[in-house]
Amino acid sequence: SRVVALDVGSNNGDWVQRIISPIMKRAGARGLHPHTFILEPQAVFAPRLTKLVERMGNATFIQAAAWKENTTLPWTEQGGSTSASLLRSKDKGSNTVAAVDLAALIERATRPGPGGGRVVTLLKFDVEGAEYKLLPWPLLQGALCRPTHLLLHWPPRLPPPHDRPAGLRPPL
């Protein structure tokens, strides 16, 4: 059996370090095969996340944003902040970041190993308001059905209600 964690929108890696790393150590001690995938596009966090992956061992850091395809996307980082966004790409200071197909990543990460067995998967999803635009993609591809545990961050103000899918808009 395997235990997989996907931290989509890891930011500075605190959540992986405090929550996921101890869980994965326990899984490894029980003979399971743990692996953590950390997805974060902000360059400011790359050195820290690279060191975290080295300390963890069975982990992969992907410096990219999650999206509907492998591409490059407009990106805005707030100077001196840990906040960045795909949604505010028209703001001053926009640049681009690499993006990976989230559905394909989930599919690859959650495949059973050569010996088969169950794959227990935790997907943490916090992409600064792009949840509303991105979440339908892995759902329609069947990839969102693969994780056994799902932790979603739903920012209440991003994007504005008229830009959200109909089922996620507040009542009138």
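By convention here, each chain's residues receive numbers from 1 onward along its written sequence. Given that the model is predicted, a residue must reach a pLDDT of at least 70 before its local features are reported, and side-chain atom pairs must reach 80 or more before they are shown or counted; all residues, however, enter totals for whole chains, interfaces and linings. Each side-chain value is worked out from all heavy atoms of the structure, with water and hydrogens disregarded.

Asks: Would you mind going over the overall build of the protein chain in detail, with residue names and values included?
Replies: Along its length, the protein chain carries five helices and nine strands. Numbering of helices and strands starts at the N terminus; helices are DSSP runs of H or I of at least 4 residues and strands are runs of E of at least 2. Reading the protein chain from its N end, one meets helices and strands in the order β-α-β-α-β-β-β-β-β-α-β-α-α-β. Residue exposure (1.4 Å probe, protein chains only): buried if accessible area is under 20% of the type maximum, exposed if over 50%, otherwise partly exposed. Looking at the protein chain residue by residue over its 172 residues, the buried ones come to 44%. Put simply, the protein chain shows about 9,300 Å² of open surface, and 55% of that area lies on carbon and sulfur atoms. Method for areas: the Shrake-Rupley scheme with a 1.4 Å probe, in which residue coverage is limited to the protein chains shown.

Asks: Which residues make up the sheet that holds strand 3 (residues 59-62), and what values go with them?
Replies: Pairing is parallel in the open sheet, where five strands are placed in the order 3-2-1-8-9. This sheet does not close on itself; its edge strands, each paired only once, are strand 3 and strand 9 (149-152). On average, each strand axis in the sheet is inclined to that of its neighbour by 10°, with strand direction left out of account. Here seven bridges tie strand 1 (residues 2-8) to strand 2 (residues 33-39), and the two strands are oriented parallel to one another. Bridge pairing in strand 2 links Arg2 to His33. Contacts from helix 2 (residues 46-56) reach strand 2 and strand 3 within the one sheet, and its direction differs from that of strand 3 by about 165°. Contacts were defined at the residue level, with two residues in contact if any of their heavy atoms lie within 4.5 Å. To obtain an axis, a line is fitted to C-alpha atoms, over the contacting stretch when the element is a helix, and the angle between two such axes runs from 0 to 180 degrees between their N-to-C directions. Along the sheet, helix 3 (residues 102-109) contacts strand 1, strand 2, strand 3 and strand 8 (119-125); its crossing angle with strand 1, the most-contacted strand, is approximately 160°. Here, any two strands with at least 2 DSSP bridges between them count as paired.

Asks: Give me the confidence of the model for the protein chain: which residues, what numbers.
Replies: Scored from 0 to 100, pLDDT reflects the predictor's confidence in each residue. For the protein chain, per-residue confidence averages 85 on the pLDDT scale, and 80% of positions sit at 70 or higher. Across the protein chain, element-level confidence peaks in strand 3 with a mean pLDDT of 97 and bottoms out in strand 6 (residues 84-85) with 54.

Asks: Can you tell me about the side chain of Thr36, naming the residues and giving the values?
Replies: Here Thr36 is to be found in strand 2. Excluding residues within four positions of it along the chain, Thr36 makes contact with Ala5, Val16, Ile20, Met24, Met56, Asn58, Ala59 and Thr60.

Asks: I'd like a description of helix 1 (residues 14-29), backed by residues and values.
Replies: Expected helix span is taken as 1.5 Å per residue step, with the number of steps being one fewer than the number of residues. Counted at 1.5 Å a residue, the expected span for helix 1 with its 16 residues is 22 Å, and the 22 Å between its end C-alpha atoms agrees. If you look at helix 1, its biggest bend is around 40°, right at Ile20, and the proline Pro22 turns up within four residues after that. If you check which residues of helix 1 are buried, you get Trp15, Val16, Ile20, Ser21, Met24 and Ala27. Residues of helix 1 that are buried sit in contact with strand 1, strand 2, helix 2, strand 8 and strand 9. Of the residues flanking the end of helix 1, it is Gly31, one or two places downstream, whose phi is positive at about 85°. One axis fitted to the seven residues ending at a residue, another fitted to the seven starting there: the angle between these axes is the bend at that residue.

Asks: So, helix 2: which residues are in play, and what are the values?
Replies: For helix 2, the full list of buried residues reads Ala46, Leu49, Leu52, Val53 and Met56. Axial view of helix 2: buried residues confined to an arc of 125°, hence all on one face. Seen from the open side of helix 2, the exposed residues pointing more than 90 degrees away from its buried face are Pro47, Lys51, Glu54 and Arg55. Starting at the helix axis, one direction is taken to each C-beta atom, and the arc is that of these directions.

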